[in-house]
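Here is how the chains run, residue by residue.
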Amino acid sequence: MSSEIRSILVAGSGQMGSGIAQVAAQAGCEVQLYDVEEERIQKALRSIGDHLAGSVAKSRITEEQREEILSRIKGCVKLESAGKADLVIEAVTENIAVKQSLFRELDTVCAAETILATNTSSLSVTELAAATRRPERIVGLHFMNPVPVMKLVELIRGLRTSDEVCEAVTRLVQRMGKTPVEVNDYPGFVSNRILMPMINEAVYAVYEGVAAPEAIDQVMKLGMNHPMGPLALADLIGLDTCLAIMETLQEGFGDSKYRPCPLLRNYVHAGWLGRKAGRGFYRYPQNN
């Protein structure tokens, strides 16, 4: 592999995957956006185009730059397309079995020198790496949502991740205009180990009738200067993702302080997953 990462495949065209594809293309990389359904890919490409159009309207980029960025992103429905990529970033559902299965397949189709990165928000990078024959070339790159806006990327080194791989992805993240912060491979890393218990406690405050969601969010915004209240943030992240992370923390540490609030679990069972479902702790208009 060359010293600089130039070719990237992003596996998963959801909100996170499309955001990662966009910032990679803005950094000058040739990007393949993979998903199992062409319709999902086209929806993601339209979303990227719309986001970039917003940047044109705000005079952050020109229309020519927008077209150039979009020209660097190609959709694909065959994972074999990862064969010549310098780096693959998976951004699929936060489920260890799903991610391990994808990594096993990538391990067979990718060149030996290809780096495999996971955008997991809480799962063990070391455990994911163990599903492959290249654990030294597996790394965690936890982007924040929304990817084009947020500056932080948690860089998670598995126990066998090589220095060379960490250095290569650090340079890439910096080219993307992000700030990589290296953390160790423990459940939830730093961001979600601190954030998710706060969100879970806010859900408990609703569950126990301490205050309405609007009041809880107002307290945190006005009293703690948070730009968004914890319940609105949970809706943005997705309540199913919040629940999955809390379960990972509880299982990983075996500590009851990470027990998911029953109300959070009920909302997920009801399909009230937040913004993407039109309802979570708040209601949202759906543009379907």
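Since the structure is predicted, the reported quantities are computational estimates derived from the model, not experimental observations. (Residues numbered from 1 in each chain as written. Predicted model: local features only at pLDDT ≥ 70, side-chain atom pairs only at ≥ 80, totals over all residues. Heavy atoms only, no water.)

1. A few points about the overall build of the protein chain
Part 1: In terms of regular secondary structure, the protein chain is built from eleven helices and eight strands.
Part 2: Relative to the 2.2 N^0.38 estimate, which gives 19 Å for 288 residues, the radius of gyration of the protein chain is 19 Å and therefore close to what a compact globule would have.
Part 3: When its C-alpha atoms are laid out on the principal axes, the protein chain stretches across 55 × 45 × 35 Å.
Part 4: When burial is assessed residue by residue, the protein chain has 50% of its 288 residues classed as buried. (Helix = DSSP H or I, 4+ residues; strand = E, 2+ residues; numbered from the N terminus. Rg over C-alpha atoms; globule rule 2.2 N^0.38 Å. Buried < 20%, exposed > 50% of the residue type's maximum accessible area, 1.4 Å probe, protein only.)

2. Focus on the UniProt feature "domain: 3-hydroxyacyl-CoA dehydrogenase C-terminal" (unreviewed entry) in the protein chain
Part 1: The positions UniProt marks with the feature "domain: 3-hydroxyacyl-CoA dehydrogenase C-terminal" (unreviewed entry) are residues 188-284.
Part 2: Note that residues 188-284 is 63% helix and 0% strand, and that its end C-alpha atoms are spaced 28 Å apart. (UniProt positions renumbered as here; feature names shortened; annotations may be inferred.)

3. Quick notes on the environment of G49
Part 1: In this fold, G49 is placed in helix α2 (residues 38-57).
Part 2: Residues G49 and R60 lie eleven residues apart in sequence; the distance between their C-alpha atoms is 14 Å.

4. Re the pattern of salt bridges
Part 1: For the structure on display, the rule yields 16 salt bridges.
Part 2: A salt bridge links D240 to K276; its shortest N-O distance comes to 2.9 Å. With a gap of 36 residues between them, D240 in helix α10 (residues 239-253) and K276 in the segment after α11 (262-270) connect regions that are remote in the sequence.
Part 3: Three or more residues are tied together by salt bridges with common partners; here these are E4, R171 and R175. (Salt bridge = Lys/Arg side-chain N within 4 Å of Asp/Glu carboxyl O.)

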